[in-house]
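# Structure assessment
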Amino acid sequence: MRRFAAIFLLSALCGCAAQQATTKPTTQFAAGSDESSASLLTLDQIQPPVSLADIKPTTQPTTGPSLDAVELYARARGALMEGQRFSAIDLLEQAVRADPYSFDLRYDLGKAYAGVSTKNTQAIAAFEAAAKLDPDNIQVQTELGRQYLASDHPDEALAHLRLAIQTTQYQTDDDSAGLVDFYLARVLQQKGYDRAAIDRYDSLLTRLEHPTMAIRTNPELAFIAAHPEGLYLEVGRLYEKHHQLDLALRAYEFVATREPSPFENHARVVNVMVALRQNDAAIREATTLVEQYKASTESVALLKNVYKSIGREKEIVDELKKLQAKNPNDRAMLYALADALYDANRREEAASLLEDALARDPNALDIFRKLFGLYESRDDTIDAVKVLMSYLADHPDSLTELSPLWEKLKSISRKNGIHLTELQKLDVPPREMGCKLFLVSNQASEWNREVLARTSLEQATKQRPIFPQAFRDQINAIWIRQDWDDARKITESNALIDAVKKEDRNAFADELRGLLLLNQKNINDAINAFADAIKLGDPSPDLQLIYARALKEQGNERRFEQVLWKLIGDRPTYEQSYNELFVFYNAKGNEPQKKKVVALWRTNDPTNFHGRLAEAIMLMDAAFHGGGLTDFETVEAVLLEIFHDNPDQQEAIDVLATFYKQTGRIPELISRLEIERVRDPANRNIVTNLVDIYAQQKRLAEAIRVLDASRAAMGNDPDLLYSIAGLYEKIDQPQTSEEILAKVIAIDPQHAAANNDLGYSWADQGKNLDRAESMIRIAVDAEPDNESFLDSLGWVLYKRAKFDEAKGYFERAIAPATFPDPVVLDHLGDALYRVNDVKQAEQRWNEAMQRMATLDQFGMLERRSDLVKLRLTLIGKIRQAEQGKPVTVAPTVEQPPSHEQARN
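Below is a short write-up of the structure. Per chain, the residues get numbers from 1 upward, laid out in the order the sequence is written. Only residues with pLDDT of at least 70 are given local features in this predicted model, and only at 80 or more are side-chain atom pairs given and counted; all residues enter the totals for whole chains, interfaces and linings. To obtain the side-chain values, all non-hydrogen atoms of the structure were used and water was disregarded.

Attention shifts here to the overall build of the chain. Secondary structure summary: the chain contains 49 helices and zero strands in total. Put simply, the radius of gyration uses C-alpha atoms, and a globule should come to 2.2 Å times the residue count raised to 0.38. Its C-alpha radius of gyration of 40 Å places the chain more than 25% over the 29 Å reference for a compact globule of 904 residues. The principal-axis extent of the C-alpha atoms belonging to the chain is close to 135 × 70 × 60 Å. Burial here depends on accessible area, computed with a 1.4 Å probe over protein chains only, as a share of the maximum for the residue type. Under 20% is buried, over 50% is exposed, and the range in between is partly exposed. For the chain, the residues scored as buried account for 50% of the 904 residues in total. We call two residues in contact when some of their heavy atoms are within 4.5 Å. Looking at the chain alone, contacts between residues at least 24 apart form 57% of all its contacts between residues at least 6 apart. Charged residues are defined here as Lys and Arg on the positive side and Asp and Glu on the negative side; His and the ends of the chain fall outside this count. Charge positions come from single atoms, namely NZ of Lys, CZ of Arg, CG of Asp or CD of Glu. Taking the average location of the 108 positive side-chain charges in the chain and that of its 136 negative ones, the two points are 2 Å from each other. Think of it this way: any DSSP run of H or I at least four residues long counts as a helix, any run of E at least two long counts as a strand, and we number them from the N terminus.

Shown next as structure tokens:
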């Protein structure tokens, strides 16, 4: 080791030369008045005093060791050499019983026990017995100090290590003495005896400067000698603690030179420089670290802290600009400069910097993510939405990978999250309109605005340039519609394909053709169409996913797996490929492959919500099905962490609810949901789940309490208020529901859904018909092809006895539908009956019955509580019509006009 080590520490001891360890140290700390006296004590001053001379060894018999003990000891040594430690312990225990006064037997028994566990009370007992036989033995006193220290008994460790330096061997046995110094320094530092600790560090480093053969062959001391920076780090901390910063700086500089990789080693040097007011040196060192560590978060934070500490915070931007100019291709440096500009309220400059970089490299997803994160992390939600739409418009194939970013922006637990109304009103360039309308459709669907979702998606497919996912979703939406027959579905799908062909998007047209064939259950031709699309080059990950699904449906599971594993390799953050394989292997019961998928998912995209959820589901399944994991607390902790990170995600709530239900802990589930509700009363999913549970338990007062608190927290947000209006209906509070809808309209008079719902409710009750009609007309004007809104307008007109006009709106409502809603058919039948078209009325009522039978066949009837009552009503109407009796149709509120009034 270089001579610097000993010279350094000796110069730190106020210029005094190193002395023998038993000599009173002369190290002086520049102690402040606030420091405890204990930290300044020398080893000899620490109370209570410890003296080896006061300990008398246990008297031993004059006879020699028994032959049995010797034989057992020999066998024990052999067992130890063969690694049979437990056999050796048993033999040594027998030997001790045969010769209880043997130091060697007691000591070796302690060593054997220590090899089993570092915190072994049996080892300590054996060493204590050996120490009583020979207290003047450095090895046994050191072992006792080591064992007590490992067992978290520092007082006992300190006592035995103080005895160790008083042993005869301490003066002559360099390697044993070095270990004593090492462990004694550690325990003294732990106990706060800082001066005494640094004396022992000095003694150890002095020994290591010129190591003897014994030290070089001792594994522990040889390692310490090869890595003295660990000792200097502790010394530096002690000096820094006592404000001897010059000495601390020298220690830290040595550590940073010897171990340059850990950043914190350099950070200590810079921070002490700042404390010493060596400002220029601190800036130079911190700037070098920013370059050396590629503008890592910690290095930039250190540089900022230096400038802030010396009162020159405004200069950080200029410094980073210089660094970025020197490293123009360094992304981390670019991001550091952008952050600094943003923090300095130069936001436009920060955005411009990143936008320019993105313009130079339009496919750089990481630059986009940084630009997005700049806005999102600082709650500039609207700007974040705009930059997301702009990027998606140019890179629509990134939609799935960037969907977590969209989820963040529209999160209902986000205080300034983008709401549906805001999104609809957002002004975007024409090239982004397809993306915007697709996102409107996406959000409308989550808010149960199904008609708006459908119409927005349809409008998205009419925008140019094409936004591919809108077309994919539209074809799938066409084929799940129950109100269109196959012929209509094929016609509508082909219209979309033709529109794509007109834009010379032949590969995408082939993909849509394959999607159409797939919906028609023509698997082989669908696969061929997808293959044609792939051959045309640069297939999107969504096309590859659809292709893989078709292969699986065909039965070609091997090829299905190959396509998805390749997709994972090409697009490691495309979550659908992982999810598809996870579901596939789960259905097959292939646990190793399922674990492989999740492990890779968590590695490639560690923050992905669905990846975390898949891992949690595996843990939960293992716990419930005896898969080796029985610690339910671990499962619960993982699920709660995901829930707390994603409290507005219904999937996170569902999995947590499943766990508590399967463990019979519904009250705990309620408690967890209530805690989150208190934290964020406007969290619609939490509120909905609590209301459902309380309703099932007939605890209506609790449900009302939850809804009232949520309603108050939502303030004047029309979309949030509208979202809970229906929940009051669920717990038989229609009047409150009407009050909320009225408030929504007062806040936003053009809110189509609220105007429709309240207007229909009033019409159904036969009240406020003038106002009801006006409100429903607002809804129809906003969405002229909305079947529900048209039916509402027809219904209020019917209630006002305007049967011909009502009939017209009912007919408009069902006109585009191959399979209209039974309620609308019933309303139309009643209107037809009122205008004396009994035959057509009867036909419509029968159609409504047939439609309900179809819904029942698909398991959808049970979702509509209103249809149960309607079925009985329709049976009565049809029977009356067939018997030629007057039919009991829905009553009106206003009287129909007389013939004279009608003529006028």
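Further notes follow.
Before going further, it helps to examine the nonpolar core. Residues grouped as a nonpolar core are buried Ala, Val, Leu, Ile, Met, Phe, Trp, Tyr and Cys residues, joined through side-chain atoms within 4.5 Å. Residues Leu188, Leu320, Phe368 and Leu423 are the most contacted members of the largest nonpolar core, which totals 145 residues. Excluding residues that lie within four positions of it along the chain, Leu188 makes contacts with Leu43, Ile46, Leu158, Tyr193, Ala196, Ala197 and Arg200. Counting residues in each nonpolar core, the second largest holds 90 residues, with Ala753, Ile776, Ala779 and Leu793 among its members.

Here we take up helix α28 (residues 506-519). Here a helix's expected span is defined as the number of its residues, less one, multiplied by 1.5 Å. Given a rise of 1.5 Å per residue, 14 residues ought to cover 20 Å, and the 20 Å separating the end C-alpha atoms of α28 matches this to within 8%. The element α28 is extensively covered by neighbouring structure, given that ten of its 14 residues are classed as buried. Among the residues making up α28, those that are buried are Phe508, Ala509, Asp510, Glu511, Leu512, Gly514, Leu515, Leu516, Leu517 and Leu518. If you follow the buried residues of α28, they end up packed against α26 (468-479), α27 (486-502), α29 (523-535) and α30 (541-554). Once α28 finishes, Lys521 follows within two positions and takes phi at roughly 65°, a positive value.

With respect to the secondary-structure elements, Leu832 resides in helix α46 (residues 822-834). Classification of Leu832 by relative accessible area gives buried; the value is 6%. Apart from the residues lying within four places of it in its own chain, the contact partners of Leu832 are Lys807, Asp837, Gln840, Ala841 and Arg844.

A pair is scored as a salt bridge if a Lys or Arg side-chain nitrogen falls within 4 Å of a carboxyl oxygen belonging to Asp or Glu. Scanning all chains against the criterion turns up 57 salt bridges. For the salt bridge of Glu674 with Arg677, the shortest nitrogen-to-oxygen distance reads 2.7 Å. Here Arg677 and Glu674 lie together in helix α37 (residues 666-679), a separation of three residues that amounts to about one turn. The two residues Glu674 and Arg677 agree in class, both being buried. It is possible to trace a salt-bridge network through shared partners that takes in Asp770, Glu773, Arg777, Arg800, Glu805 and Glu894.

The next subject is the packing of helix α40 (residues 718-730) against helix α41 (residues 734-747). Helix axes are fitted only over the stretch in contact, all axes being lines through C-alpha atoms; the angle between N-to-C directions runs from 0 to 180 degrees. In the contact formed by α40 and α41, the axes pass within 8 Å of each other and the chain directions differ by 165°. Considering their axes alone, α40 and α41 lie roughly antiparallel with respect to each other. The element α40 and its partner α41 pack so that their crossing is left-handed. Contact residues: α40 offers Pro718, Leu721, Tyr722, Ile724, Ala725, Gly726, Tyr728 and Glu729, while α41 offers Pro734, Thr736, Ser737, Ile740, Leu741, Lys743, Val744 and Ile747. Angular relationships are summarised with four words: roughly parallel below 35 degrees, roughly antiparallel beyond 145, roughly perpendicular across 65 to 115, and oblique for the angles in between. Note on convention: the crossing is left-handed when the near helix lies turned anticlockwise from the far helix by less than a right angle, right-handed when the turn is clockwise.

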